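As a plain string of letters, each chain reads:
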Amino acid sequence: MDKLKKYIYELVADQKLSAKEATAYITSLQKASEAKSDDIAIIGIAGRFPKANTVQQFWENIRFGRECLDDFPVHRKEDGQALFSDRSFAHKRFKKAGYLDEISFFDPDMFRISPKEALSMEPYQRIMLELAYETMLNAGYETREIIGSKTGVFIGKDHVTGIEYRHYVSPDIFSLTSTT
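Residues numbered from 1 in each chain as written. Predicted model: local features only at pLDDT ≥ 70, side-chain atom pairs only at ≥ 80, totals over all residues. Heavy atoms only, no water.

Turning our attention to the pattern of salt bridges. Taken as a whole, this structure holds 3 salt bridges when the rule is applied. Close ionic contact of Glu130 with Arg48 constitutes a salt bridge, the shortest N to O distance being 2.8 Å. Here Arg48 lies in the loop between α2 (19–35) and α3 (55–63) and Glu130 lies in helix α6 (residues 123–138), a separation of 82 residues in the sequence. The pair formed by Glu130 and Arg48 is uniform in burial state, with each residue classed as buried. One salt bridge connects Lys51 with Asp70, and the closest N-O pair in it is separated by 2.8 Å. Here Lys51 is found in the loop between α2 and α3, whereas its partner Asp70 is found in the loop between α3 and α4 (74–83), with 19 residues between them in sequence. Each of Arg48, Glu130 and Glu134 takes part in one network of salt bridges that share partners. (Salt bridge = Lys/Arg side-chain N within 4 Å of Asp/Glu carboxyl O. Helix = DSSP H or I, 4+ residues; strand = E, 2+ residues; numbered from the N terminus. Buried < 20%, exposed > 50% of the residue type's maximum accessible area, 1.4 Å probe, protein only.)

Moving on, we come to the side chain of Ser114. By the element assignment, Ser114 lies in the loop between α4 and α5 (115–120). Judged by its relative accessible area of 13%, Ser114 is buried.

To continue, consider α6. With 16 residues, α6 should cover 22 Å at 1.5 Å per step; its first-to-last C-alpha distance of 22 Å lies within 8% of that length. Every buried residue of α6 is listed here: Pro123, Arg126, Ile127, Glu130, Leu131, Thr135 and Met136. Positive backbone phi, at 90°, marks Gly140, one or two positions downstream of α6. (Expected span 1.5 Å × (residues − 1).)

With that settled, the discussion passes to the nonpolar core. In globular proteins that are soluble, nonpolar side chains generally tend to be buried together. Grouped together as the largest cluster of nonpolar side chains are 5 residues: Ile8, Leu11, Leu17, Ala22 and Ile26. At the level of secondary structure, the elements contributing two or more residues to this core comprise α1 (2–13) and α2. When sequence neighbours within four positions are dropped, the list of residues in contact with Ile26 reads Lys5, Ile8 and Tyr9. (Core = buried A, V, L, I, M, F, W, Y, C linked by side-chain atoms within 4.5 Å. Contact = heavy atoms within 4.5 Å.)

Geometric values such as these leave the question of function open.
As structure tokens, this is what we get:
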């Protein structure tokens, strides 16, 4: 861009281009340069973390040095026992770790997912959908406003868990296609 500007100035100095034309060219170049910017803007954010259901709570925990590791939640043990028909879950031992407070609240209708399919989804998938929606709201958008726009949602996850959860909940993957 600078070389092009210099060339335009040289044309003006050599009287091969008027100052008015040079100004128009340089203004046009600047506008084109601004339009092709690779800059991005993060305008919305959401997250769930151990002992923090929002990004703000997460930063407060860091700021105040709060310990976020805890024993496996009792209510989640009960949920886990319901998934295992052989009751082997009752004898599992869990380490102290950073567990999310709530992973079971999900409104499948909001995402046009059947209740049966929602039950078989890994909790991380359900939470990801909720967080993507919360991110849009945090940015000040309604979902209809971004349809067709150049909008991206970038998602980070702390680890990969595989598909074990689906096998516990619904061994027949084809049963998920029903709407009941």
